[in-house]
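Here's the letter readout for the chains.
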Amino acid sequence: MASLSSSSSWGANITHQKQFKIGLCQLSVSTEKETNLASARSSIELAVKQGAALVVLPEMWNCPYSSDCFAKFAEDFNDKNGCPSFSMLSELATCHNITIVGGSVPELDNNNIYNTCCVFGPNGKLLAKHRKLHLFDIQSVAPGELSFKESDSFTAGDKPTIVDTDVCRIGIGICHDIRFPELAMLYQARGVELICYPGAFNVNTGSMLWELEQRARAVDNQAGEVIAKLGHEEAVLVAEIDLSTIYYQRQSIPLHKHKQSNIYGLIDLKEEETL
């Protein structure tokens, strides 16, 4: 699954395209990496044919979401001959002159495995890399309930990711990152115009929370509304983003002026770091 919430900076003029088309690719994943890559390629090309300037893939699109598979499917992005997923996205971004938010794949780095999203510009260069900050651990409290710990397989990222692209300034989160409103608030405070949350929510939690969390982050940050959605099937959805509607909404109801900063505030511990 892939999800998005658009968000422009308080009281600032939008400096990128006000309108553009985004393509969201929802993929079925198999145990064969080559098959998954072919499916992703086909979906990206379909989104391009429908006019998408920005294409977003889901979490773990090249790999079954299983602790038994993460290490096997992991790629070292510094090994040009050993990262076919990375290379394919770079190639497609260049070929079609688009920006790609590459969902996420397992990344191998210094013997650690990260749940990583790579963002590529129209020239095929890596613009940013987001490592999932909040790892999803769920512990069953009754017989038959789901137990799963991402932290048994992955190392958590340690910084937020903001990237200036040809279409707009984008903040990246991965799946469980959406559960933490502070991250979206930080992105909004830094002038992010669009937040992309590639996700692979399981059926148990996803049906209850996925759309609800999206709406919550949008309401919290005056970041638009749900404009399109898919079911559970593999599909490509292309929709138009109009950033100006968010800007005007914030001008009409300037919530940033209503905040009582003498009582509470958001502390950005990574503000001075290069993202």
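Refer to the structure printed above.
Calculation criteria
Residues numbered from 1 in each chain as written. Predicted model: local features only at pLDDT ≥ 70, side-chain atom pairs only at ≥ 80, totals over all residues. Heavy atoms only, no water. Buried < 20%, exposed > 50% of the residue type's maximum accessible area, 1.4 Å probe, protein only. Helix = DSSP H or I, 4+ residues; strand = E, 2+ residues; numbered from the N terminus. Pairing = 2+ DSSP bridges. Disulfide = S-S within 2.5 Å.

Focus on the pairing of strand β6 (residues 112–120)
And step 1. For β6, a buried count of 8 out of 9 residues is recorded, marking the element as mostly surrounded by other parts of the structure.
And step 2. Taken together, the 2 bridges between strand β4 (residues 99–101) and β6 define a ladder with antiparallel strand orientation. Across the sheet, residue V101 finds its bridge partner in β6, namely V119.
And step 3. By the bridge criterion, 5 bridges tie strand β5 (residues 105–109) to β6 in an arrangement that is antiparallel. Note that in β6 the partner of L108 across the bridge is I113.
And step 4. Counting the residues between successive antiparallel strands, the hairpin from β5 to β6 contains 2 residues, one of them, N110, with a positive phi of roughly 50°.
And step 5. Where β6 and strand β7 (residues 126–131) come together, 5 bridges link them in antiparallel fashion.

Quick word on the state of the cysteines
And step 1. If you walk through the whole model with that rule in mind, you get 0 disulfides.
And step 2. A disulfide-free cysteine, C118 has its sulfur positioned 6.8 Å from the sulfur of C117, the nearest such atom.
And step 3. Overall, C118 belongs to the buried group, its relative accessible area being 4%.

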